[in-house]
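Observations on the three-dimensional arrangement
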Amino acid sequence: MTLHKILPRVLLAVGISLGLALSGCSGGPDYTAHDITGVMPDLEFNLTNEKGEAVTADDYDGRLKLLFFGYTNCPDICPATMARIRAALGGLDADTRDDIDVLFLSVDPERDTPERLQRFTSSFGDGVVGLTGTQEQLKALSKRYRVTYGYGEPNDNGFYLVSHSSAIFVFGPDDRARLLINQQQSVDEITADLKTLLGQLD
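Starting afresh in each chain, residues are numbered from 1 along the sequence in its written order. Predicted model: local features are reported for residues with pLDDT of at least 70 only, side-chain atom pairs are reported and counted for 80 or more only, and whole-chain, interface and lining totals are derived from all residues. As a rule here, side-chain values come from all non-hydrogen atoms in the structure, and water together with hydrogens is ignored.

Notes on the environment of D188
- We count a stretch as a helix when DSSP gives it H or I for four or more residues in a row; a strand needs E for two or more, and each element gets its number in order from the N terminus. As for its position among the elements, D188 is in helix α6 (residues 187–201).
- On the accessibility criterion, D188 (64% relative accessible area) is exposed.
- Along the backbone, D188 and L89 are 99 residues apart, and their C-alpha atoms lie at a distance of 9.6 Å. Remark: exposure states derive from per-residue accessible area (1.4 Å probe, protein chains only) relative to the maximum for the residue type, with buried under 20%, exposed over 50%, and partly exposed in between.

Describing the environment of S163
- Note that S163 resides in strand β8 (residues 162–163).
- Residue class for S163 comes out buried when judged on its relative accessible area of 14%.
- Along the primary structure S163 and F69 are separated by 94 residues, whereas in three dimensions their C-alpha atoms are 10.0 Å apart.

With respect to the confidence of the model for the protein chain
- Known as pLDDT, the predictor's per-residue confidence is scaled from 0 to 100. Confidence along the protein chain averages 89 in pLDDT terms, with 87% of residues attaining 70 or more.
- Residues count as neighbours in contact if any of their non-hydrogen atoms are within 4.5 Å of one another. The model gives residues 1–26 a pLDDT under 50, and that stretch makes 35 contacts with residues more than four places away or in other chains.

Some points on the sheet that holds strand β4 (residues 64–70)
- Here we have eight strands laid out as an open sheet, ordered β1-β10-β9-β4-β5-β6-β2-β3, and mixed in their pairing. What marks the edges here is a single partner per strand, and that holds for β1 (34–35) and β3 (54–56).
- What makes two strands pair is DSSP finding at least two bridges between them. Across four bridges, the pairing between β4 and strand β9 (residues 168–171) is antiparallel. Residue pairing in the sheet places L66 in a bridge with V170 of β9.
- Working convention: axes come from line fits to C-alpha atoms, limited for helices to the stretch in contact. Angles between N-to-C directions cover 0 to 180 degrees. Taken strand by strand, helix α4 (residues 114–121) contacts β2 (46–49), β5 (100–106) and β6 (128–132), and its axis lies near 150 degrees from that of β6.
- Together, β2, β4, β5 and β6 form the strand contacts of helix α5 (residues 135–144), whose direction differs from that of β2 by roughly 120 degrees.

A few points about the packing of helix α2 (residues 77–89) against α6
- With their axes 8 Å apart at the nearest point, α2 and α6 run at an angle of 55 degrees to one another. Viewed along their axes, α2 and α6 adopt a mutual orientation that is oblique. Our pair here, α2 against α6, has a crossing hand that is right-handed. Note on element contacts: α6 touches α2 through V187, I190, T191 and L194, opposite R84, A87, A88 and L89. Between 65 and 115 degrees an angle is taken as roughly perpendicular, under 35 as roughly parallel, over 145 as roughly antiparallel, and anywhere else as oblique. In this scheme, a crossing is called left-handed if the near helix is turned counterclockwise away from the far one by less than a right angle; it is called right-handed if the turn is clockwise.

Structure, rendered in structure tokens:
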């Protein structure tokens, strides 16, 4: 079984564990996504952006943030997910979109140079930022948000796949974890959840 075929099972396990953790909560906003407020830690990292600059979560304070772990050579999940995010944000008014950052975090730093990240993120509109880091930085962040990643065996041409989470984490302007969006949610559901969240933050 290839690493990419394992991904849906990994996501399902994450979804189930979070669902169980949240099953006792009620009375909050009506989201299609998992409400992870108070369950997951605030956004915190030390990484490198697609301009080759060292950045921290503080550089994105005051803005809603969508964080997705992936890599630019991903043949399916990453481009499809980024396209869904772009479409979902397209359902918001322009002023609201301007206050949202999409953080595409590559877990494949060996291949995903700043230049390559910038080429990839530019395909998905403004407000998309490519990030990566050292293995130490990436492992610390993946552990913080209870996700995993791993590398497959290179083929004869040196190409390899990377297993990674397919969830989208949403953080508020205050860097607090708010929502976990999974692959089963439609574009319209993501848009509706973001509108609901933004309404709660006003």
